Amino acid sequence: MTVSLDFNDPLTLVFLAGGVALVLLLLMVFLALRAAGRSARATEPLAQKIGQLGEGLRILNDSQHQLSGALKQVSEGQTRAQMQMMQTMERRLEQVQQHMGESL
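Cut-off values and rules
Residues numbered from 1 in each chain as written. Predicted model: local features only at pLDDT ≥ 70, side-chain atom pairs only at ≥ 80, totals over all residues. Heavy atoms only, no water. Helix = DSSP H or I, 4+ residues; strand = E, 2+ residues; numbered from the N terminus. Rg over C-alpha atoms; globule rule 2.2 N^0.38 Å. Buried < 20%, exposed > 50% of the residue type's maximum accessible area, 1.4 Å probe, protein only. Areas by Shrake-Rupley, 256 points an atom, 1.4 Å probe, with all protein chains shown as cover. Contact = heavy atoms within 4.5 Å. Expected span 1.5 Å × (residues − 1). Bend = angle between axes of the 7 residues up to and from the residue. Patch = residues over 30% accessible without salt bridge, like charges linked within 9 Å, V, L, I, M, F, W, Y side chains within 5 Å. Salt bridge = Lys/Arg side-chain N within 4 Å of Asp/Glu carboxyl O.

**So, the overall build of the chain**
Inference 1: Helix and strand counts for the chain come out as one helix and zero strands.
Inference 2: In terms of overall size, the chain is more extended than a compact globule, its C-alpha atoms giving a radius of gyration of 43 Å where 104 residues would be expected to give roughly 13 Å.
Inference 3: Across the 104 residues that make up the chain, the buried fraction comes to 1%.
Inference 4: Of the accessible surface of the chain, which amounts to about 9,800 Å², a share of 66% is contributed by carbon and sulfur atoms.

**Side note on the environment of Ala35**
Inference 1: Take Ala35: it is sitting in helix α1 (residues 10-103).
Inference 2: C-alpha of Ala35 to C-alpha of Gly19: the two residues are 16 residues apart in sequence and 24 Å apart in space.

**Considerations on the side chain of Thr12**
Inference 1: With respect to the helices and strands, the residue Thr12 is situated in helix α1.
Inference 2: Setting aside its immediate chain neighbours within four residues, Thr12 contacts Leu5 and Asp6.

**Side note on α1**
Inference 1: Over its 94 residues, α1 runs 132 Å from end to end, which matches the ideal 140 Å to within 8%, given 1.5 Å per residue.
Inference 2: If you look at α1, its biggest bend is around 30 degrees, right at Glu44, and the proline Pro45 turns up within four residues after that.

**Notes on the environment of Ser75**
Inference 1: Along the chain, Ser75 turns up in helix α1.
Inference 2: Residue classification places Ser75 among the partly exposed positions, given a relative accessible area of 42%.
Inference 3: In the structure, Ser75 is positioned 57 residues away from Gly18 in sequence and 80 Å away in space, judged by C-alpha atoms.

**Thoughts on a nonpolar patch on the surface**
Inference 1: Together, Val20, Leu24, Leu27, Phe30 and Leu31 line one region of the surface with nonpolar side chains, adding up to about 480 Å² of accessible area.
Inference 2: Among the secondary structure elements, Val20 is positioned in helix α1.

**As for the pattern of salt bridges**
Inference 1: Going through the model one piece at a time under the given rule, you end up with two salt bridges.
Inference 2: Across the salt bridge formed by Glu55 and Arg58, the nearest N and O atoms sit 2.6 Å from each other. Residue Glu55 and its partner Arg58 are located together in helix α1, separated by three residues, close to a single helical turn.
Inference 3: On the accessibility criterion, Glu55 (37% relative accessible area) is partly exposed.
Inference 4: A salt bridge links Arg58 to Asp62, with the shortest nitrogen-to-oxygen separation between them at 2.8 Å. Linking Arg58 with Asp62, this pair stays in helix α1, spanning four residues, or about one helical turn.
Inference 5: The class of Asp62 is partly exposed, set by a relative accessible area of 35%.

That is the geometry; function is a separate question.
Okay, here's the thing in structure tokens:
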């Protein structure tokens, strides 16, 4: 059995055009999948670096909160010490004034 193609028949041309289109479509899908695979492999190190940066930012944020708390404690301690110093100086000044008043 021999098959002969009549290229003047519109139905034959439609089937040939459809076959060529199908082959081109399959080729494009294959190339797109291959490119997507390469992209995925290329972005893996980038994703790891982004994860590391995120972890670094989390650590930095935690450290900043600890530092903020420590600075607040130091500031409160400094304020208390200044208040005590002022009270001591005021008491001492009163004592000196009393002494001077008694002396005069």
